[in-house]
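Letter by letter, the chains look like this.
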Amino acid sequence: MKSVTRSLRVLEAVARHQPVTVGELTKIFGLPKSTVQRTLITLNEAGWLRANRKDTTRWEIGARVLAVRPAALQGSSLFAAAREPMIRLRDAVNETIHLSVPDALQGMVVVDRVDCDHAVRTFHAIGDTSPLHATAAGNAVLAHLRKSEIDEVTAGTLEGYGEETITDPEQLRAELHRVRERGYAVNHNQYLQGVSAIAAPVLDGEGAALAAVAVSLPDSRFEAGRLPEMGRLVAETAAEITARHLA
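Residues numbered from 1 in each chain as written. Predicted model: local features only at pLDDT ≥ 70, side-chain atom pairs only at ≥ 80, totals over all residues. Heavy atoms only, no water.

Asker: Would you mind showing me how to read the overall build of the protein chain here?
Answerer: Scanning the protein chain from terminus to terminus reveals nine helices and nine strands. The C-alpha radius of gyration of the protein chain comes to 19 Å, within 12% of the 18 Å expected for a compact globule of 247 residues. Principal axes of the C-alpha set define a box for the protein chain whose edges measure 60 × 40 × 35 Å. The proportion of buried residues among the 247 residues of the protein chain is 45%. Sequence separation of at least 24 residues holds for 58% of the intrachain contacts in the protein chain that already meet a minimum separation of 6. When the accessible surface of the protein chain is summed, it comes to about 12400 Å², and 52% of that surface belongs to carbon and sulfur atoms. Of the charged side chains in the protein chain, 28 are positive and 30 negative, and the gap between their average positions amounts to 8 Å. (Helix = DSSP H or I, 4+ residues; strand = E, 2+ residues; numbered from the N terminus. Rg over C-alpha atoms; globule rule 2.2 N^0.38 Å. Buried < 20%, exposed > 50% of the residue type's maximum accessible area, 1.4 Å probe, protein only. Contact = heavy atoms within 4.5 Å. Areas by Shrake-Rupley, 256 points an atom, 1.4 Å probe, with all protein chains shown as cover. Lys, Arg positive; Asp, Glu negative; His and termini not counted. Charge placed at Lys NZ, Arg CZ, Asp CG, Glu CD.)

This is the structure in structure tokens:
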């Protein structure tokens, strides 16, 4: 039982301090470096932790945690508050609706989905992850984070996924300003080619983003003329989820 407890505490510590080194964890727990290293390797083999892509000496939360997290959220007040408004939004636009939550500053995780009835539609599995800077859901959340958090995201390398991806920090800050002004974010081939989305943030009582609700659709059905109407519907849905969650 001691080894199980230690593993859980190491997992929690990585989640709080990621990306973190073995040496940093050794100082936190006062354990031998070899003990911490074995625990990290065990959690890595099980999929709970992974080495950071840019610095393999540092550890971060793995995909298994991200996959389990949505299931845990299904009993939460956020999930319950979002479900009915998402269905109504789907019925209004007949496109796929996603609810995503931020994984710290690492990206977005899909936690719920309501499918449309088009034969050709977008699909993101529950637990799928995506970058903050290149998606509508990510920009909707990023625009409502603290300035220090936005600075942290824009200080790093912004990966390009296609010609439309914003990779310049100043351009991204300008886009986030537009998101705050109009109340919704737009992704037009910025992350996945042929996929577009319109998203708005679900906020907490202090105005910080807890999640984002998005309409996702194939690029073939994206119409610039419908964008104001779609944006309004998404923003109204996000506002309703916010109100229901805070009630």
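Asker: In this structure, what is going on with the confidence of the model for the protein chain? I would like to understand it.
Answerer: A low pLDDT means the predicted coordinates there should not be read in detail. Across the protein chain, the average pLDDT comes to 89, with 94% of residues at or above 70. Looking at the elements of the protein chain, mean pLDDT is at its lowest for helix α4 (residues 63-73), recorded as 61, and at its highest for helix α6 (residues 136-142), recorded as 97. (pLDDT = per-residue confidence, 0-100.)

Asker: Sorry, what's going on with the packing of helix α2 (residues 22-29) against helix α3 (residues 33-45) here?
Answerer: When two helices pack together, their arrangement is given by the angle between their axes and by how far apart the axes lie. Taken N-terminus to C-terminus, the directions of α2 and α3 make an angle of 115°; their axes are 9 Å apart at the nearest point. Relative to α3, the crossing made by α2 is right-handed. From α2, V22, L25 and T26 reach across to α3, where they touch K33, V36, Q37 and L40. When the residues that make up the contact of α2 with α3 are grouped by side-chain class, the tally is four nonpolar, two polar and one charged. (Axes fitted to C-alpha atoms, helices over the stretch in contact; angles between N-to-C directions. Left-handed = near helix turned anticlockwise from the far one by under 90°. Nonpolar A, V, L, I, M, F, W, Y, C, P; charged D, E, K, R; others polar.)

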